[in-house]
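Chain residues, written in single-letter form:
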Amino acid sequence: MGNSTSSALSKEILDDLKLNTKFTETEISQWYENFQKQCPTGRITAEEFEQIYSRFFPDSDAKSYAGHVFRSFDTNDDGTLDFKEYIIALHMTSTGKTTRKLEWAFSLFDVDKNGYINKTEVTEICQAIFKLIPKEEQSRLAEDENTPEKRANKLWSYFEKKDNERLAEGEFIKGVIENENAMRLIHYEPVKK
């Protein structure tokens, strides 16, 4: 076993992922096999993550947003994601419960990881989200959200905070749950073709 690329997923990690995600043992095992093939070291770097993430947004610049997503899931701050962090990322961004997704979204917006969000951080993430939106879609956005700054201002206004105030996680989650426009503004969903 050791560090060989064919090593099996530990029962502890498998059980933990089955408990904390909606994925089946078969799905987790298949992803592990693919992860081991693509990442023989057992870790994925920010650059590798950005390349993978960019495939989901071929008509956009996903690099900065992917960097923020990576940061939010690199829970031990070692500059890499292990398989468990990677699967939790997949789960949270695809099938997780709304409150859990909003907890993750809060960590995405909390750029400096101090436990609060300020307007500068909201603007930074809105700029990254805006780069995900293809140019032709940007031209069809509402007047009050057709630039990253306008989008950030609109989102920040839903929290009823002054520009120099900060927002705690509970306030963020409550504000987004209570306003579907805020929910729409905290992410980008490609238009189905």
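The following refers to the structure shown. (Residues numbered from 1 in each chain as written. Predicted model: local features only at pLDDT ≥ 70, side-chain atom pairs only at ≥ 80, totals over all residues. Heavy atoms only, no water.)

1. Notes on the overall build of the chain
As a reminder, the rule being used: Strands here are runs of E lasting at least two residues and helices are runs of H or I lasting at least four, both read from the DSSP assignment and numbered beginning at the N terminus. Each residue gets one of three labels from its accessible area relative to the maximum for its type: buried under 20%, exposed over 50%, partly exposed in between, using a 1.4 Å probe on protein chains only. Contacts: residue pairs with any heavy atoms within 4.5 Å of one another. Residue-level accessible areas treat just the shown protein chains as cover; the underlying method is Shrake-Rupley with a 1.4 Å probe. Neither His nor the chain ends contribute to the count of charged residues, in which Lys and Arg are positive and Asp and Glu negative. The location of each charge is read from NZ of Lys, CZ of Arg, CG of Asp or CD of Glu.
Tallying secondary structure elements over the chain gives 11 helices and four strands in all. On the principal axes, the C-alpha backbone points of the chain span a range of 55 × 35 × 25 Å. Across the 193 residues that make up the chain, the buried fraction comes to 41%. Relative to all contacts within the chain whose residues are 6 or more apart in sequence, the contacts with residues 24 or more apart total 60%. Surface exposure of the chain reaches about 11100 Å², of which carbon and sulfur atoms provide 51%. The positive charge centre, built from 27 side chains, and the negative charge centre, built from 35, are 3 Å apart in the chain.

2. Section: the packing of helix α6 (residues 98–109) against helix α10 (residues 169–177)
The condition that has to hold: Orientation is described by lines fitted to C-alpha atoms, with helices fitted over the stretch in contact, and by angles between N-to-C directions that extend from 0 to 180 degrees. Roughly parallel means an angle under 35 degrees; roughly antiparallel, over 145; roughly perpendicular, 65 to 115; everything else is oblique. In this scheme, a crossing is called left-handed if the near helix is turned counterclockwise away from the far one by less than a right angle; it is called right-handed if the turn is clockwise.
Interaxial distance between α6 and α10 falls to 10 Å at its minimum, and their mutual angle equals 120°. Between α6 and α10, the crossing angle belongs to the class labelled oblique. As for the relative orientation of α6 and α10, their crossing is right-handed in sense. Along its contact with α6, which presents T99, L102, E103, A105, F106 and F109, the element α10 presents E169, F172, I173, V176 and I177.

3. Notes on the nonpolar core
The cut-off we apply is this: Here, nonpolar core means buried Ala, Val, Leu, Ile, Met, Phe, Trp, Tyr and Cys residues that are tied together by side-chain atoms lying within 4.5 Å of each other.
In terms of nonpolar packing, the biggest core is built from 53 residues, with Y65, F109, L155 and F172 touching the most fellow members. Here this core gets seven residues from one element, more than from any other, and that element is helix α7 (residues 119–132). Residues in contact with F109, not counting those within four places in the same chain, are I117, E121, V122, I125, I129, L155, F172 and I186.

4. A word on the side chain of K119
Inspection of the secondary structure assignment puts K119 in helix α7. Contacts of K119, omitting those with residues within four sequence positions, involve N153, W156 and D163.

5. Quick word on the side chain of S60
Going by this rule: Under this definition, polar contacts are N or O atom pairs within 3.5 Å; protein pairs additionally need one hydrogen-donor-capable and one acceptor-capable atom, and for neighbouring residues in sequence, both atoms have to be side-chain atoms.
Examined against the element boundaries, S60 turns out to sit in the loop between α3 (46–54) and α4 (63–73). A polar contact is formed between the side chain of S60 and the backbone oxygen of L132, at a distance of 2.3 Å. Not counting the four nearest positions on each side in its chain, S60 is found in contact with K131, L132, I133 and P134.

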